[in-house]
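This is what each chain is made of:
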Amino acid sequence: MASVSFDHVSKKFGDVLAVNDLNISIADKEFLVLVGPSGCGKSTALRCLAGLEDVTEGRILIGDQVVNDVAPKDRDIAMVFQSYALYPHMSVYDNMAFGLKLRKTQKPEIDRRVREAAKILGIEELLDRRPRQLSGGQRQRVAVGRAIVREPKVFLFDEPLSNLDAKLRVETRANISKLHLQLQTTFIYVTHDQMEAMTMATRIAVINKGVLQQIDTPQHLYDFPDNLFVAGFIGSPAMNFFNAALHKEDGKLFVDGGTFKVQIPEDRTGVYHDFVDKPIIFGIRPEDIHNPEFTPPGINAQEVMANVDVTELMGNEIFVHMKSQEHSFVARVDPRSRYVIGEDAKMVFNMSNMHIFDRESEKAIR
């Protein structure tokens, strides 16, 4: 088992800076997820850790060892790719055993490891099959099993669920989370899907344009995003943003969005006084916008008017897309709500959970 550290790591491809001064310390047995949009540098960082790409600047450590110049096969890591990359002519057993055979591991030890991994993954009955006889989810489990038999210090996953359908993705991400608990090994997982990150990680590192934006637990990232990018990336549907300004009236502080004006809770006004009469970005999540008929008790409720543009019935909730002149936003409301497209309707903002960002720097003000 081992910790992992990125120490001021940068990676360039020609003039393109794919990873920019990355600093992350990953504890032993942690499940860290690197998340961000396509092309943000997360997979490049993982490939640098695996030794598949050379680091331009900085150091990568596994445990106390700097591994910049260590060959991939000697880093004691195992990697699961988006592509299953199974040998079609080999059985599941032989696919899982192949890497150990190349390392000249003794046959009894190979058999023990393969059968233990198959038991953990629930694929014992598949060991004699060929890859073409397996479903996508089964193939992915075989690919994970091939990594498990290595018994590495660190597991690396590069978007392993991208080729699965929606139902299998949910099932497989639960299996990977269970696997982490069973193996008690360091997991580093790359995805562009923030739902995967939120449900699996002990900590999430959000990356954009090669730069680490924030690293924290899933709940803290959700509740306290450091900047506009993190706020918009974490959460589904995404946080609503409004260009607005802060105004002071009769000692009270208001967010003025032009077509609406909502009061900031008095216990939260202190930090915002320096931004009075300055342009800001006001943020509120869809789940903090309610139908007035079904407003939860105890929230700091402020009403706004808007026009119903589209409704999406999800069964356990309704997504209501609203318009108010230049503003548009999404509310996530009680399924008992009834809305007519084109009508003007009241909505309630829960101002206890609002977010305010400096419009120039896009950093959170708190």
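Below or above, wherever it landed, is the structure these notes cover. Given the structure is predicted, the values throughout are model-derived calculations rather than measurements. (Residues numbered from 1 in each chain as written. Predicted model: local features only at pLDDT ≥ 70, side-chain atom pairs only at ≥ 80, totals over all residues. Heavy atoms only, no water.)

### Let's talk about the pattern of salt bridges
Argument step 1. Per the counting criterion, the structure on display carries 19 salt bridges.
Argument step 2. A salt bridge links D94 to K101, with the shortest nitrogen-to-oxygen separation between them at 3.4 Å.
Argument step 3. Exposure remark for D94: the relative accessible area of 28% places this residue in the partly exposed category.
Argument step 4. Using a relative accessible area of 42% as the deciding quantity, one classes K101 as partly exposed. (Salt bridge = Lys/Arg side-chain N within 4 Å of Asp/Glu carboxyl O. Buried < 20%, exposed > 50% of the residue type's maximum accessible area, 1.4 Å probe, protein only.)

### Concerning the nonpolar core
Argument step 1. The biggest cluster of nonpolar side chains holds 46 residues, and the ones touching the most others in it are M96, V114, I148, F155, F187 and Y189.
Argument step 2. Residues in contact with F187, not counting those within four places in the same chain, are E30, F31, L32, F155, F157, I176, L179 and H180. (Core = buried A, V, L, I, M, F, W, Y, C linked by side-chain atoms within 4.5 Å. Contact = heavy atoms within 4.5 Å.)

### Some thoughts on the packing of aromatic side chains
Argument step 1. Taken as a whole and judged by the stated rule, the model has 17 aromatic pairs.
Argument step 2. Measuring from centroid to centroid gives 5.1 Å for F157 and F187, while their planes differ by 40 degrees, and the two rings are tilted. In this pair, F157 is assigned in strand β7 (residues 154-158) and F187 in strand β8 (residues 186-191), connecting sequence segments 30 residues apart.
Argument step 3. On the basis of relative accessibility, which here comes to 0%, the residue F157 falls in the buried class.
Argument step 4. The exposure class assigned to F187 is buried, which follows from its relative accessible area of 0%.
Argument step 5. Each member of the aromatic cluster is reached from another via a ring pair, and the members are F31, F155, F157, F187 and Y189. (Phe/Tyr/Trp six-rings, centres within 6.5 Å; stacked < 30°, edge-to-face > 60°. Helix = DSSP H or I, 4+ residues; strand = E, 2+ residues; numbered from the N terminus.)

### Quick notes on the sheet that holds strand β13 (residues 261-263)
Argument step 1. The strand order β13-β12-β11-β14-β20 describes an open sheet built from 5 strands, whose pairing is antiparallel. The strands lining the two open edges of the sheet, one partner per strand, are β13 and β20 (355-358). Neighbour-to-neighbour, the strand axes of this sheet turn through a mean angle of 40 degrees, independent of strand direction.
Argument step 2. The pairing of strand β14 (residues 279-284) with β20 spans 4 bridges and is antiparallel. Bridging from a neighbouring strand, G283 pairs with H355 of β20. (Pairing = 2+ DSSP bridges. Axes fitted to C-alpha atoms, helices over the stretch in contact; angles between N-to-C directions.)

### Overview of the side chain of E196
Argument step 1. Among the structural elements, E196 can be located in helix α6 (residues 194-200).
Argument step 2. For E196, the residues in contact, after removing those within four places along its chain, are L161, R169, R173, Y189 and T191.

### Some points on the packing of helix α2 (residues 92-102) against helix α4 (residues 136-148)
Argument step 1. For the pair α2 and α4, the least separation of the axes is 8 Å and the interaxial angle reads 35 degrees. In the crossing of α2 with α4, the sense of the turn from one axis to the other is right-handed. In contact with V92, N95 and M96 of α2, α4 contributes V142, G145 and R146.
Argument step 2. A breakdown of the residues in the contact of α2 with α4 according to their chemical character gives 3 nonpolar, 2 polar and 1 charged. (Left-handed = near helix turned anticlockwise from the far one by under 90°. Nonpolar A, V, L, I, M, F, W, Y, C, P; charged D, E, K, R; others polar.)

### Details of the pairing of strand β16 (residues 301-313)
Argument step 1. Pairing of β16 with strand β19 (residues 344-350), which is carried by 7 bridges, proceeds in the antiparallel orientation. Bridging across to β19, A306 finds its partner in A345.
Argument step 2. Of the strand pairs in this sheet, β16 and strand β17 (residues 318-324) are connected by 6 bridges, and their pairing is antiparallel. In the strand pairing of β17, E312 is matched with F319.
Argument step 3. Connecting β16 to the antiparallel partner β17 that follows it, the hairpin turn spans 4 residues, and G315 within it adopts a positive phi of roughly 100 degrees.

### Let's talk about the environment of R150
Argument step 1. With respect to the helices and strands, R150 occurs in the loop between α4 and β7.
Argument step 2. Taking C-alpha positions, R150 is 9.2 Å from A97, a pair spaced 53 residues apart along the chain.
Argument step 3. When residues no more than four places from it in sequence are discounted, the contact partners of R150 are I77, A78, L100, R103 and R113.

### Things to note about the packing of α2 against helix α3 (residues 107-121)
Argument step 1. The geometry of α2 relative to α3 is characterised by a closest axis approach of 10 Å and an angle of 135 degrees between their N-to-C directions. Put simply, α2 runs oblique to α3. Read as a crossing pair, α2 and α3 show a hand that is right-handed. Contacts between α2 and α3 pair Y93, M96, A97, L100 and K101 from the former with I110, D111, R113, V114, R115, A117 and A118 from the latter.
Argument step 2. Partitioned by chemical class, the residues of the contact of α2 with α3 number 8 nonpolar, no polar and 4 charged. (Parallel < 35°, antiparallel > 145°, perpendicular 65-115°, else oblique.)

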